[in-house]
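Structure at a glance
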Amino acid sequence: MSKVLITAFFIVCSFYNICVSNELSSKAQINICVLEKVNKAVLLNLSSSEVILQINNKKFLLRGSNIKIEFKGHNKVKINDLIYDLPVYIRYKKQKDTCELNGQIYPLNFKIYTLDNKSLIFVNIVDIETYVEGVLPYEVVSSWSDEMLKVQAVIVRTYALANINRHKEDGYDLCNNIHCQVYKGFSKNELMRKRVEKAVKKTKGMVLVEPKTKKLIQTYYHAACGGATEDMSEIWHSTIQVPWLVSVKCDFCRKSPYYKWSYSISQEDFCSVLRKNGYNLTKKTNKINVVDKTKGGRIKNVEIISLDSKFKIGMEELRKILGYQKLKSTKIYKIEVTPKTITFYGLGWGHGVGLCQWGANELTNLGKSFKEVLEYYYPNTKIIKIYE
(Lines give C-alpha, C1' and ligand atoms only; values in the text may rest on other atoms or scores of the structure.)
Protein backbone atom coordinates (compact mmCIF):
# COMPACT_ATOMS: atom_id res chain seq x y z
CA MET A 1 0.00 0.00 0.00
CA SER A 2 1.25 3.46 -0.85
CA LYS A 3 -0.14 6.86 -1.46
CA VAL A 4 1.43 7.56 -4.81
CA LEU A 5 0.62 9.18 -8.12
CA ILE A 6 0.03 12.60 -6.53
CA THR A 7 0.97 15.70 -8.49
CA ALA A 8 3.03 18.36 -6.78
CA PHE A 9 0.39 20.98 -7.58
CA PHE A 10 -2.34 19.03 -5.80
CA ILE A 11 -0.14 18.43 -2.80
CA VAL A 12 0.84 22.05 -2.27
CA CYS A 13 -2.68 23.36 -2.76
CA SER A 14 -4.24 20.80 -0.42
CA PHE A 15 -2.46 21.72 2.80
CA TYR A 16 -3.90 25.14 3.39
CA ASN A 17 -7.47 25.03 2.07
CA ILE A 18 -9.34 22.44 4.11
CA CYS A 19 -10.88 23.38 7.45
CA VAL A 20 -12.87 21.17 9.78
CA SER A 21 -16.52 22.18 9.46
CA ASN A 22 -18.44 22.80 12.64
CA GLU A 23 -21.44 21.14 11.03
CA LEU A 24 -19.63 17.92 10.19
CA SER A 25 -21.12 14.83 11.79
CA SER A 26 -20.71 11.08 11.67
CA LYS A 27 -23.79 11.00 9.42
CA ALA A 28 -22.12 13.05 6.68
CA GLN A 29 -22.00 10.95 3.54
CA ILE A 30 -19.14 10.01 1.23
CA ASN A 31 -19.71 8.84 -2.34
CA ILE A 32 -17.19 6.23 -3.50
CA CYS A 33 -16.93 4.87 -7.02
CA VAL A 34 -16.71 1.09 -6.60
CA LEU A 35 -17.36 -0.03 -10.19
CA GLU A 36 -17.22 1.74 -13.54
CA LYS A 37 -17.08 1.16 -17.29
CA VAL A 38 -19.37 -1.87 -17.10
CA ASN A 39 -22.56 -2.68 -19.00
CA LYS A 40 -23.85 -5.36 -16.65
CA ALA A 41 -23.67 -6.14 -12.95
CA VAL A 42 -25.56 -8.13 -10.34
CA LEU A 43 -26.16 -7.21 -6.72
CA LEU A 44 -25.91 -10.61 -5.02
CA ASN A 45 -26.88 -12.05 -1.65
CA LEU A 46 -29.00 -9.17 -0.47
CA SER A 47 -29.33 -9.34 3.30
CA SER A 48 -32.94 -8.17 3.01
CA SER A 49 -35.63 -9.55 0.69
CA GLU A 50 -36.90 -6.01 0.03
CA VAL A 51 -34.91 -2.96 -1.09
CA ILE A 52 -35.89 0.49 -2.29
CA LEU A 53 -35.45 1.64 -5.90
CA GLN A 54 -35.57 5.42 -6.13
CA ILE A 55 -35.91 7.38 -9.39
CA ASN A 56 -36.23 11.13 -8.93
CA ASN A 57 -38.78 11.39 -6.11
CA LYS A 58 -40.51 8.10 -6.83
CA LYS A 59 -39.79 5.00 -4.77
CA PHE A 60 -40.46 1.35 -5.62
CA LEU A 61 -39.89 -1.90 -3.78
CA LEU A 62 -37.59 -4.52 -5.31
CA ARG A 63 -37.89 -8.07 -4.06
CA GLY A 64 -35.52 -11.01 -4.28
CA SER A 65 -32.04 -12.03 -3.19
CA ASN A 66 -30.34 -10.73 -6.36
CA ILE A 67 -30.81 -7.65 -8.56
CA LYS A 68 -29.75 -7.75 -12.21
CA ILE A 69 -28.65 -4.44 -13.72
CA GLU A 70 -27.95 -3.84 -17.43
CA PHE A 71 -27.19 -0.64 -19.35
CA LYS A 72 -29.52 -0.24 -22.33
CA GLY A 73 -28.16 2.96 -23.89
CA HIS A 74 -29.95 6.30 -24.31
CA ASN A 75 -29.53 6.99 -20.57
CA LYS A 76 -31.62 3.96 -19.61
CA VAL A 77 -31.00 0.94 -17.45
CA LYS A 78 -32.75 -2.42 -17.11
CA ILE A 79 -33.25 -3.56 -13.51
CA ASN A 80 -34.50 -7.13 -13.35
CA ASP A 81 -37.27 -7.04 -15.98
CA LEU A 82 -38.10 -3.33 -16.22
CA ILE A 83 -36.36 -0.36 -17.87
CA TYR A 84 -35.82 2.96 -16.08
CA ASP A 85 -34.23 6.34 -16.74
CA LEU A 86 -30.83 7.01 -15.18
CA PRO A 87 -29.72 7.90 -12.58
CA VAL A 88 -31.27 5.41 -10.19
CA TYR A 89 -30.69 4.76 -6.51
CA ILE A 90 -30.87 1.32 -4.93
CA ARG A 91 -31.12 1.76 -1.17
CA TYR A 92 -31.47 -0.39 1.89
CA LYS A 93 -34.81 -0.68 3.64
CA LYS A 94 -32.94 -1.35 6.88
CA GLN A 95 -29.78 0.63 7.54
CA LYS A 96 -27.47 -2.35 8.03
CA ASP A 97 -28.51 -4.18 4.85
CA THR A 98 -25.64 -5.37 2.65
CA CYS A 99 -25.07 -7.02 -0.72
CA GLU A 100 -22.24 -8.37 -2.83
CA LEU A 101 -20.97 -6.52 -5.89
CA ASN A 102 -18.01 -7.70 -7.91
CA GLY A 103 -17.05 -10.12 -5.14
CA GLN A 104 -17.08 -7.57 -2.30
CA ILE A 105 -19.59 -6.90 0.50
CA TYR A 106 -20.96 -3.34 0.56
CA PRO A 107 -23.62 -1.42 2.45
CA LEU A 108 -26.71 -1.57 0.25
CA ASN A 109 -26.83 2.06 -0.85
CA PHE A 110 -25.89 2.79 -4.46
CA LYS A 111 -26.24 5.50 -7.05
CA ILE A 112 -26.07 4.13 -10.59
CA TYR A 113 -25.56 6.48 -13.53
CA THR A 114 -23.67 7.06 -16.77
CA LEU A 115 -21.38 9.86 -17.90
CA ASP A 116 -20.44 8.67 -21.38
CA ASN A 117 -23.78 7.03 -22.31
CA LYS A 118 -21.76 3.88 -23.00
CA SER A 119 -21.37 2.28 -19.58
CA LEU A 120 -22.46 2.39 -15.96
CA ILE A 121 -20.87 3.83 -12.83
CA PHE A 122 -21.72 2.37 -9.40
CA VAL A 123 -21.24 4.70 -6.45
CA ASN A 124 -21.52 3.41 -2.89
CA ILE A 125 -22.99 6.04 -0.54
CA VAL A 126 -21.91 5.62 3.08
CA ASP A 127 -21.30 7.68 6.21
CA ILE A 128 -17.73 8.53 7.22
CA GLU A 129 -17.32 5.83 9.87
CA THR A 130 -18.64 3.13 7.56
CA TYR A 131 -16.20 4.32 4.92
CA VAL A 132 -13.32 3.90 7.37
CA GLU A 133 -14.54 0.35 8.09
CA GLY A 134 -14.49 -0.34 4.35
CA VAL A 135 -10.91 0.89 3.90
CA LEU A 136 -9.15 -0.39 6.99
CA PRO A 137 -9.03 -4.14 6.16
CA TYR A 138 -7.39 -3.41 2.80
CA GLU A 139 -4.79 -0.87 3.93
CA VAL A 140 -3.34 -2.98 6.77
CA VAL A 141 -1.84 -6.43 7.31
CA SER A 142 -4.12 -8.74 9.26
CA SER A 143 -1.36 -9.69 11.73
CA TRP A 144 -0.86 -6.08 12.82
CA SER A 145 -1.87 -5.06 16.33
CA ASP A 146 -5.25 -3.68 17.39
CA GLU A 147 -3.48 -0.44 18.34
CA MET A 148 -2.13 -0.17 14.79
CA LEU A 149 -5.70 -0.48 13.48
CA LYS A 150 -6.53 2.62 15.55
CA VAL A 151 -3.55 4.44 14.03
CA GLN A 152 -4.75 3.57 10.56
CA ALA A 153 -8.37 4.49 11.34
CA VAL A 154 -7.40 8.05 12.26
CA ILE A 155 -5.24 8.37 9.14
CA VAL A 156 -7.94 6.99 6.83
CA ARG A 157 -10.64 9.26 8.29
CA THR A 158 -8.43 12.36 8.05
CA TYR A 159 -7.31 11.59 4.50
CA ALA A 160 -10.86 11.00 3.31
CA LEU A 161 -12.20 14.24 4.76
CA ALA A 162 -9.23 16.24 3.49
CA ASN A 163 -9.79 14.94 -0.05
CA ILE A 164 -13.58 14.77 -0.09
CA ASN A 165 -14.09 16.48 -3.49
CA ARG A 166 -11.21 14.87 -5.32
CA HIS A 167 -13.42 13.31 -8.01
CA LYS A 168 -16.15 15.95 -8.06
CA GLU A 169 -16.04 16.20 -11.86
CA ASP A 170 -16.71 12.46 -12.10
CA GLY A 171 -19.82 12.69 -9.94
CA TYR A 172 -18.42 11.16 -6.75
CA ASP A 173 -16.06 12.06 -3.91
CA LEU A 174 -13.39 9.34 -3.85
CA CYS A 175 -12.33 6.37 -5.97
CA ASN A 176 -11.72 2.93 -4.47
CA ASN A 177 -8.04 2.43 -5.35
CA ILE A 178 -4.66 3.78 -4.25
CA HIS A 179 -5.24 7.10 -6.02
CA CYS A 180 -7.49 7.85 -3.02
CA GLN A 181 -7.63 4.87 -0.63
CA VAL A 182 -8.42 1.21 -1.20
CA TYR A 183 -12.11 0.79 -0.36
CA LYS A 184 -13.69 -2.65 -0.80
CA GLY A 185 -16.48 -2.61 1.75
CA PHE A 186 -16.72 -4.91 4.72
CA SER A 187 -14.12 -7.60 5.35
CA LYS A 188 -15.29 -11.15 4.63
CA ASN A 189 -13.17 -12.35 7.56
CA GLU A 190 -15.47 -12.17 10.59
CA LEU A 191 -12.63 -11.76 13.11
CA MET A 192 -11.03 -8.98 11.08
CA ARG A 193 -14.39 -7.28 10.65
CA LYS A 194 -14.91 -7.22 14.43
CA ARG A 195 -11.39 -5.91 15.04
CA VAL A 196 -11.94 -3.15 12.48
CA GLU A 197 -15.33 -2.19 13.97
CA LYS A 198 -13.71 -1.92 17.40
CA ALA A 199 -10.82 0.26 16.15
CA VAL A 200 -13.18 2.57 14.28
CA LYS A 201 -15.48 2.88 17.30
CA LYS A 202 -12.55 3.62 19.66
CA THR A 203 -11.33 6.44 17.39
CA LYS A 204 -14.72 7.72 16.22
CA GLY A 205 -14.51 11.29 14.90
CA MET A 206 -10.76 11.61 15.52
CA VAL A 207 -8.67 13.41 12.90
CA LEU A 208 -5.25 15.05 12.61
CA VAL A 209 -5.14 18.83 12.21
CA GLU A 210 -2.71 21.74 12.19
CA PRO A 211 -2.92 22.98 15.82
CA LYS A 212 -3.46 26.71 15.24
CA THR A 213 -5.85 26.71 12.28
CA LYS A 214 -7.54 23.35 12.95
CA LYS A 215 -7.16 22.55 9.25
CA LEU A 216 -7.06 18.89 8.29
CA ILE A 217 -3.62 17.70 7.23
CA GLN A 218 -2.76 15.36 4.39
CA THR A 219 -1.99 12.05 6.13
CA TYR A 220 0.22 10.43 3.51
CA TYR A 221 1.48 6.98 4.39
CA HIS A 222 3.47 4.13 2.86
CA ALA A 223 4.30 0.51 3.63
CA ALA A 224 7.93 0.72 4.79
CA CYS A 225 10.43 3.59 4.81
CA GLY A 226 13.66 1.60 5.00
CA GLY A 227 15.24 3.56 7.85
CA ALA A 228 13.82 7.09 7.69
CA THR A 229 10.74 8.81 6.31
CA GLU A 230 11.17 11.62 3.79
CA ASP A 231 10.64 15.34 3.71
CA MET A 232 7.69 15.93 1.37
CA SER A 233 9.40 18.85 -0.35
CA GLU A 234 12.25 16.64 -1.54
CA ILE A 235 10.04 13.89 -2.93
CA TRP A 236 7.42 16.01 -4.69
CA HIS A 237 9.63 19.04 -5.44
CA SER A 238 7.59 21.55 -3.47
CA THR A 239 9.02 24.88 -2.38
CA ILE A 240 6.67 24.92 0.60
CA GLN A 241 7.90 23.31 3.80
CA VAL A 242 5.17 21.34 5.54
CA PRO A 243 6.09 20.93 9.23
CA TRP A 244 4.30 17.59 9.70
CA LEU A 245 5.64 15.93 6.54
CA VAL A 246 9.31 16.02 7.42
CA SER A 247 11.89 13.27 7.67
CA VAL A 248 11.89 11.29 10.91
CA LYS A 249 14.23 8.48 11.85
CA CYS A 250 12.59 5.05 11.75
CA ASP A 251 14.47 1.92 12.75
CA PHE A 252 11.23 0.06 13.31
CA CYS A 253 10.31 -1.40 9.88
CA ARG A 254 13.10 -3.97 9.69
CA LYS A 255 10.59 -6.80 10.15
CA SER A 256 8.79 -5.77 6.98
CA PRO A 257 9.14 -8.24 4.09
CA TYR A 258 9.89 -5.18 1.95
CA TYR A 259 12.66 -3.77 4.12
CA LYS A 260 15.25 -5.13 1.66
CA TRP A 261 14.47 -6.08 -1.91
CA SER A 262 15.98 -6.45 -5.36
CA TYR A 263 14.53 -6.23 -8.84
CA SER A 264 16.15 -7.48 -12.05
CA ILE A 265 15.15 -6.65 -15.61
CA SER A 266 16.74 -7.80 -18.85
CA GLN A 267 18.64 -5.25 -20.94
CA GLU A 268 16.21 -5.90 -23.79
CA ASP A 269 13.10 -5.25 -21.67
CA PHE A 270 14.65 -2.19 -20.00
CA CYS A 271 15.44 -0.68 -23.38
CA SER A 272 11.99 -1.53 -24.75
CA VAL A 273 9.97 -0.06 -21.88
CA LEU A 274 11.96 3.19 -21.87
CA ARG A 275 11.53 3.58 -25.65
CA LYS A 276 7.78 3.07 -25.28
CA ASN A 277 7.78 5.97 -22.83
CA GLY A 278 9.58 8.36 -25.18
CA TYR A 279 13.21 7.91 -24.17
CA ASN A 280 15.93 7.55 -26.81
CA LEU A 281 17.46 4.25 -25.77
CA THR A 282 18.13 1.95 -28.71
CA LYS A 283 21.10 -0.03 -27.43
CA LYS A 284 22.11 -1.75 -24.22
CA THR A 285 22.70 0.34 -21.12
CA ASN A 286 26.35 0.51 -20.13
CA LYS A 287 25.99 2.45 -16.92
CA ILE A 288 23.46 4.10 -14.61
CA ASN A 289 24.91 6.94 -12.55
CA VAL A 290 23.25 8.46 -9.51
CA VAL A 291 22.96 12.23 -10.06
CA ASP A 292 21.58 13.32 -6.68
CA LYS A 293 19.85 12.06 -3.56
CA THR A 294 17.49 13.34 -0.86
CA LYS A 295 18.74 13.88 2.68
CA GLY A 296 17.04 10.60 3.57
CA GLY A 297 19.05 8.69 0.96
CA ARG A 298 16.49 8.32 -1.82
CA ILE A 299 17.68 8.79 -5.38
CA LYS A 300 16.24 11.88 -7.05
CA ASN A 301 17.72 11.50 -10.55
CA VAL A 302 19.89 9.06 -12.47
CA GLU A 303 21.86 9.33 -15.69
CA ILE A 304 21.45 6.43 -18.12
CA ILE A 305 24.38 5.89 -20.49
CA SER A 306 24.34 3.59 -23.52
CA LEU A 307 26.54 3.30 -26.63
CA ASP A 308 24.42 5.80 -28.57
CA SER A 309 22.75 8.00 -25.95
CA LYS A 310 22.97 9.63 -22.56
CA PHE A 311 20.09 11.21 -20.67
CA LYS A 312 18.85 12.07 -17.18
CA ILE A 313 15.61 10.72 -15.72
CA GLY A 314 13.88 11.26 -12.38
CA MET A 315 13.91 8.16 -10.21
CA GLU A 316 10.21 8.46 -9.42
CA GLU A 317 9.54 8.63 -13.17
CA LEU A 318 11.65 5.51 -13.73
CA ARG A 319 9.79 3.80 -10.91
CA LYS A 320 6.48 4.66 -12.56
CA ILE A 321 7.70 3.32 -15.93
CA LEU A 322 9.08 0.04 -14.55
CA GLY A 323 6.17 -0.46 -12.13
CA TYR A 324 5.60 0.46 -8.50
CA GLN A 325 5.24 -3.20 -7.55
CA LYS A 326 8.66 -3.99 -9.06
CA LEU A 327 10.78 -0.96 -8.22
CA LYS A 328 9.36 -0.67 -4.73
CA SER A 329 11.01 2.60 -3.73
CA THR A 330 13.66 5.10 -4.78
CA LYS A 331 15.75 4.28 -1.71
CA ILE A 332 18.18 2.29 -3.83
CA TYR A 333 21.68 1.61 -2.53
CA LYS A 334 23.09 -0.30 -5.51
CA ILE A 335 22.45 -0.53 -9.26
CA GLU A 336 24.21 -3.42 -11.00
CA VAL A 337 24.51 -3.33 -14.80
CA THR A 338 25.68 -6.42 -16.68
CA PRO A 339 25.58 -7.23 -20.42
CA LYS A 340 22.32 -9.15 -19.91
CA THR A 341 20.52 -7.61 -16.91
CA ILE A 342 20.09 -4.53 -14.76
CA THR A 343 19.46 -5.13 -11.05
CA PHE A 344 18.28 -2.59 -8.48
CA TYR A 345 18.86 -3.18 -4.76
CA GLY A 346 16.69 -1.13 -2.45
CA LEU A 347 15.04 -0.54 0.91
CA GLY A 348 11.38 -0.07 1.82
CA TRP A 349 8.22 0.21 -0.22
CA GLY A 350 6.48 3.42 -1.21
CA HIS A 351 7.25 7.11 -1.52
CA GLY A 352 8.49 7.43 2.06
CA VAL A 353 6.41 10.49 3.00
CA GLY A 354 4.37 10.55 6.21
CA LEU A 355 3.74 7.45 8.26
CA CYS A 356 5.69 4.21 7.81
CA GLN A 357 3.07 1.50 8.37
CA TRP A 358 5.39 -1.36 9.30
CA GLY A 359 7.34 0.96 11.56
CA ALA A 360 4.16 2.24 13.19
CA ASN A 361 2.98 -1.28 13.88
CA GLU A 362 6.29 -2.17 15.52
CA LEU A 363 6.03 0.93 17.72
CA THR A 364 2.63 -0.27 18.94
CA ASN A 365 4.18 -3.68 19.67
CA LEU A 366 6.76 -1.84 21.78
CA GLY A 367 3.97 -0.34 23.87
CA LYS A 368 3.32 3.02 22.18
CA SER A 369 -0.30 4.18 21.98
CA PHE A 370 -1.94 5.11 18.69
CA LYS A 371 -1.75 8.79 19.69
CA GLU A 372 1.98 8.55 20.41
CA VAL A 373 2.61 6.86 17.06
CA LEU A 374 0.68 9.52 15.15
CA GLU A 375 2.53 12.30 16.98
CA TYR A 376 5.86 10.67 16.08
CA TYR A 377 5.25 10.34 12.34
CA TYR A 378 3.22 13.55 11.97
CA PRO A 379 5.05 16.05 14.22
CA ASN A 380 3.57 19.51 14.82
CA THR A 381 -0.01 18.22 14.55
CA LYS A 382 -2.86 17.64 16.95
CA ILE A 383 -5.50 14.93 17.26
CA ILE A 384 -8.99 16.33 17.75
CA LYS A 385 -12.45 14.78 17.89
CA ILE A 386 -14.78 16.51 15.41
CA TYR A 387 -17.96 14.63 16.34
CA GLU A 388 -19.23 12.14 18.90
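Right above here is the structure, for reference.
These numbers come from a predicted model, not from an experiment. (Residues numbered from 1 in each chain as written. Predicted model: local features only at pLDDT ≥ 70, side-chain atom pairs only at ≥ 80, totals over all residues. Heavy atoms only, no water.)

1. Here's the deal with the overall build of the chain
For the chain, the count of helices and strands is nine helices and 22 strands. Contacts in the chain between residues at least 24 apart in sequence constitute 67% of all its contacts with a sequence separation of at least 6. Only carbon and sulfur atoms are counted for the fraction: they give 49% of the accessible area of the chain, which is about 18,100 Å². Each charge sign in the chain was given a centre, from 59 positive and 37 negative side chains, and these centres are 1 Å apart. (Helix = DSSP H or I, 4+ residues; strand = E, 2+ residues; numbered from the N terminus. Contact = heavy atoms within 4.5 Å. Areas by Shrake-Rupley, 256 points an atom, 1.4 Å probe, with all protein chains shown as cover. Lys, Arg positive; Asp, Glu negative; His and termini not counted. Charge placed at Lys NZ, Arg CZ, Asp CG, Glu CD.)

2. Remarks on the sheet that holds strand β5 (residues 67–73)
Strand pairing within a sheet occurs via backbone hydrogen bonds; the two strands may be parallel or antiparallel. Strand order in the open sheet made by the four strands is β2-β5-β6-β7, with antiparallel pairing throughout. The sheet is open, and its two borders are formed by β2 (40–43) and β7 (82–85), each paired with just one other strand. Each strand of the sheet is rotated relative to its neighbour by a mean of 25 degrees, with strand direction disregarded. Pairing of β2 with β5 involves four bridges; the strand directions are antiparallel. From the neighbouring strand, Leu43 faces β5, where its bridge partner is Ile67. (Pairing = 2+ DSSP bridges. Axes fitted to C-alpha atoms, helices over the stretch in contact; angles between N-to-C directions.)

3. What to know about the sheet that holds strand β20 (residues 341–347)
An order of β15-β20-β19 is seen for the three strands of this open sheet, with the pairing classed as antiparallel. Strands at the two margins of the open sheet, each flanked by one partner only, are β15 (260–266) and β19 (332–337). Strand after strand, the sheet turns through a mean of 15 degrees between neighbouring axes, direction not considered. In the sheet, β19 pairs with β20 via five bridges, with the strands oriented antiparallel. Bridging across to β20, Lys334 finds its partner in Tyr345. Along the sheet, helix α6 (residues 267–276) contacts β15, β19 and β20; its crossing angle with β15, the most-contacted strand, is approximately 85 degrees. Contacts from helix α7 (residues 315–322) reach β15, β19 and β20 within the one sheet, and its direction differs from that of β20 by about 115 degrees.

4. Structural notes on the layout of surface pockets
If you add up the space inside the largest pocket, you get close to 650 Å³. Taken together, 22 residues form the lining of the largest pocket, with Gln95, Lys96, Asp127, Thr130 and Glu133 sitting closest to its centre. Contributions of two or more residues to the lining of the largest pocket are made by β12 (120–127), α2 (128–135) and α4 (190–202). The element that contributes the greatest number of residues to the lining of the largest pocket is α4, accounting for four residues. Classifying every residue of the lining of the largest pocket gives six nonpolar, six polar and ten charged. (1 Å grid on protein atoms, 1.4 Å probe; cavity = no way out; pocket = protein on both sides within 12 Å on 5 of 7 lines; lining within 4 Å. Points joined across faces, edges and corners; volume = space filled by probe spheres on them. Nonpolar A, V, L, I, M, F, W, Y, C, P; charged D, E, K, R; others polar.)

5. Focus on the side chain of Thr381
On the secondary structure map, Thr381 appears in the loop between α9 (370–377) and β22 (382–385). From its side chain, Thr381 meets the backbone oxygen of Tyr378 in a polar contact 2.6 Å long. (Polar contact = N/O pair within 3.5 Å; in protein donor to acceptor, adjacent residues only side chain to side chain.)

6. Thoughts on the packing of helix α3 (residues 146–162) against α4
For the pair α3 and α4, interaxial distance at closest approach is 8 Å and the crossing angle is 60 degrees. Accordingly, the angle class assigned to the pair α3 and α4 is oblique. Regarding α3 and α4, the two cross each other, and that crossing is right-handed. Of the residues in α4, those touching α3 at Asp146, Leu149, Lys150, Ala153 and Arg157 are Met192, Arg195, Val196, Ala199, Val200 and Lys202. (Parallel < 35°, antiparallel > 145°, perpendicular 65-115°, else oblique. Left-handed = near helix turned anticlockwise from the far one by under 90°.)

By themselves, these observations are geometric and do not establish any function.
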